[in-house]
Amino acid sequence: MEKIPMTAAGYAALEAELKRRQQEDRQRIIEAIAEARAHGDLSENAEYHAAKEQQSLNEGRILELEGFISRADIIDVSKLSGNKIKFGATVKLVDEDTEQEKVYQIVGEPEANASLGKVSIASPIARALIGKAAGDSVEVVTPGGSKSYEIVDVVFK
């Protein structure tokens with residue numbers, strides 16, 4: 001099995017989600033199924049079918065989380081240093097067209113969340129940044145087109 005790189009914070013978040021889904025969500029869904037069963041005919045019971053669907057989605061996510069956690073390769077970003085961009089780096093970029101600043105941290109796939117500034121190591125922007133340093137310019141080819149960025153700063157925190 002291939003290891004999945006992730007930060008300690010990302011690993012902790014996955015563990016917390018797994019715990020919540022196993023201990024809280026699972027019980028709530030079981031209660032919803034029992035309540036829907038009490039309403040009688042299951043073939044035309046929308047509440048029952050919705051609860052069963054919820055249960056299926058929850059159990060699927062639990063399996064997915066268990067897989068991520070079992071294959072995790074936790075990397076302590078606070079112990080990393082250097083001026084080259086690698087996994088765990090927080091990178092400040094300036095869009096060369098709009099002068100808009102963006103800050104991204106390069107993280108593992110399971111913990112990626114672009115709205116929080118965390119981009120997957122497998123994303124086009126991370127692949128373009130790996131190995132570069134502050135002062136370099138990079139061109140990122142995305143589904144929305146090509147963008148040019150200047151790397152302003154690289155930190156590990």
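The sections below set out a description of the structure shown in this document.

Here is what the cut-offs are and how they apply
Residues numbered from 1 in each chain as written. Predicted model: local features only at pLDDT ≥ 70, side-chain atom pairs only at ≥ 80, totals over all residues. Heavy atoms only, no water. Core = buried A, V, L, I, M, F, W, Y, C linked by side-chain atoms within 4.5 Å. Buried < 20%, exposed > 50% of the residue type's maximum accessible area, 1.4 Å probe, protein only. Helix = DSSP H or I, 4+ residues; strand = E, 2+ residues; numbered from the N terminus. Contact = heavy atoms within 4.5 Å. Salt bridge = Lys/Arg side-chain N within 4 Å of Asp/Glu carboxyl O. Axes fitted to C-alpha atoms, helices over the stretch in contact; angles between N-to-C directions. Parallel < 35°, antiparallel > 145°, perpendicular 65-115°, else oblique. Left-handed = near helix turned anticlockwise from the far one by under 90°. Nonpolar A, V, L, I, M, F, W, Y, C, P; charged D, E, K, R; others polar. Pairing = 2+ DSSP bridges.

Structural notes on the nonpolar core
Ile85, Val91, Leu93, Ile125, Leu129 and Ile151 are the most contacted members of the largest nonpolar core, which totals 18 residues. Mapped by element, the contributors of at least two residues to this core are β3 (90-95), β4 (101-107), α3 (124-129), β6 (137-142) and β7 (145-155). Setting aside residues up to four positions removed in sequence, Ile125 forms contacts with Leu93, Tyr104, Val119, Val140 and Tyr149. Leu14, Leu18, Leu65 and Phe68 belong to the second-largest nonpolar core, a separate cluster that totals 10 residues.

Side note on the pattern of salt bridges
Evaluation of the coordinates by the stated rule reveals nine salt bridges. Two residues, Glu59 and Arg26, come together in a salt bridge whose shortest N-O distance is 2.8 Å. One end of the pair, Glu59, is in helix α2 (residues 46-70); the other, Arg26, is in helix α1 (residues 8-37), and 33 residues separate them in sequence. A relative accessible area of 26% places Glu59 in the partly exposed class. Given the relative accessible area of 29%, Arg26 is considered partly exposed.

Points about the packing of α1 against α2
Taken N-terminus to C-terminus, the directions of α1 and α2 make an angle of 160°; their axes are 9 Å apart at the nearest point. Taken together, the axis directions place α1 and α2 in an arrangement best described as roughly antiparallel. Crossing hand, α1 versus α2: left-handed. Looking at the contact of α1 with α2 residue by residue, the class counts come to 13 nonpolar, four polar and 12 charged.

Quick notes on the pairing of β3
Judged by how many residues are buried, β3 sits mostly within the fold: five of six residues are covered. Judged from the five bridges that link them, β3 and β4 form a sheet pairing that is antiparallel. Residue pairing across strands places Leu93 opposite Lys102, the latter belonging to β4. Hairpin connection from β3 to β4: five residues lie between these consecutive antiparallel strands, with Glu99 at a positive phi of about 65°. Where β3 meets β7, six bridges bridge the pair, whose relative direction is antiparallel. Paired with Leu93 across the strands is Ile151, a residue of β7.

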